[in-house]
Amino acid sequence: MHSPPSVALIGVALLSSFASGFSCTAPVAPLPTSSAFVRRSLPPSPSCHQNLPNKDTLQQRRGQGMGTSVLMARGGDSSLGASTADDAIGGHDLNLTTGKAIASSWGAFGVAYILIKAIKRVLPIALEPFAKGEGVVPLTKMQLASYILTCLGFAYFEGYKGFQRKFAPLVVSRSFTLQPSSPIHHLLLGPLYSMALFHATKKRMIVSWSVSIGVAVLVAAVKRLPYPWRNVVDAGVVVGLSWGTVSILGGYIISLMTGIAPIDVDPSLPEKKE
């Protein structure tokens, strides 16, 4: 069976099925052109881009204190800081230090390690139909077609839409909010923190844990499938998890090298209540 962290990770990765995109509620300054992540291609929206103020106007408004700020518990740190709308959606300078880089690497690489362990455990089952030996029943043409289609489906829905567009940017964004001054349990549980399983907004935590529990039930059901259908599903899981691993590691390395947080990604940190 999958270990609890692995089950939780796969569950959170499927949040893309329920999550909605970001909406434009107010004009903001243009984001940096260099991105720490592959920037999403979004169609232009008249309501979001019409009558945008110029650079001088934005600077004047910020100088007059007209920018909206939200007090947030930043990065699991015990201190509080003011977060502007630009910071909330990412794309800002990370101001990296050696300590922050080490803390963030534990969060991101820890999640990747959990994924790799899950892949290593499931891969032999996925490849079982192609093994040479006695007692191995080869796949029929219909079963082979199902095998291929399942891998393609998991690559798109779990790998691309689930990991690359949703979960991986969230992990990278949250990992960079870790710093040496963060609470000790945030640092020790850095991978789980980066997965937004705790110290996140109420909505994020409810969705994360609800989906995780649901996926745990599905994992138990898949283990009861007969040959070769369990192998077919596990092959899709390997493809999706592999895509996710590359997305997390690639996104983290790009952010580390450029010093810019993932763009259009809300780390879902809890707000400070007055």
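Given the structure is predicted, the values throughout are model-derived calculations rather than measurements.

Examined against the element boundaries, Val172 turns out to sit in helix H6 (residues 141–175). Residue classification places Val172 among the buried positions, given a relative accessible area of 0%. Taking the C-alpha atoms as reference, Val172 lies 8.1 Å from Ser255; in sequence the two are 83 residues apart.

Take the confidence of the model for the protein next. With 66% of its residues at a pLDDT of 70 or more, the protein shows a mean pLDDT of 75. pLDDT under 50 marks residues 1–52. Its contacts with residues more than four places away, or in other chains, come to 98 contacts. Between residues 58–89, whose pLDDT stays under 50, and residues either more than four places distant or in other chains, the model counts 67 contacts.

Attention now goes to the environment of Gln143. Position of Gln143 among the secondary structure elements: in helix H6. Overall, the relative accessible area of 15% leaves Gln143 in the buried class. It is 8.2 Å that separates the C-alpha atoms of Gln143 and Trp229, two residues lying 86 residues apart in sequence. Aside from chain neighbours lying at most four places away, what touches Gln143 is Pro138, Pro228 and Trp229.

The next thing to look at is the environment of Arg204. Relative to the helices and strands, Arg204 is located in helix H9 (residues 202–222). Residue Arg204 is classed as partly exposed on the basis of its relative accessible area, which comes to 22%. Considered as a pair, Arg204 and Pro270 are 66 residues apart in the sequence and their alpha carbons are 9.6 Å apart.

Criteria and cut-off values
Residues numbered from 1 in each chain as written. Predicted model: local features only at pLDDT ≥ 70, side-chain atom pairs only at ≥ 80, totals over all residues. Heavy atoms only, no water. Helix = DSSP H or I, 4+ residues; strand = E, 2+ residues; numbered from the N terminus. Buried < 20%, exposed > 50% of the residue type's maximum accessible area, 1.4 Å probe, protein only. pLDDT = per-residue confidence, 0-100. Contact = heavy atoms within 4.5 Å.

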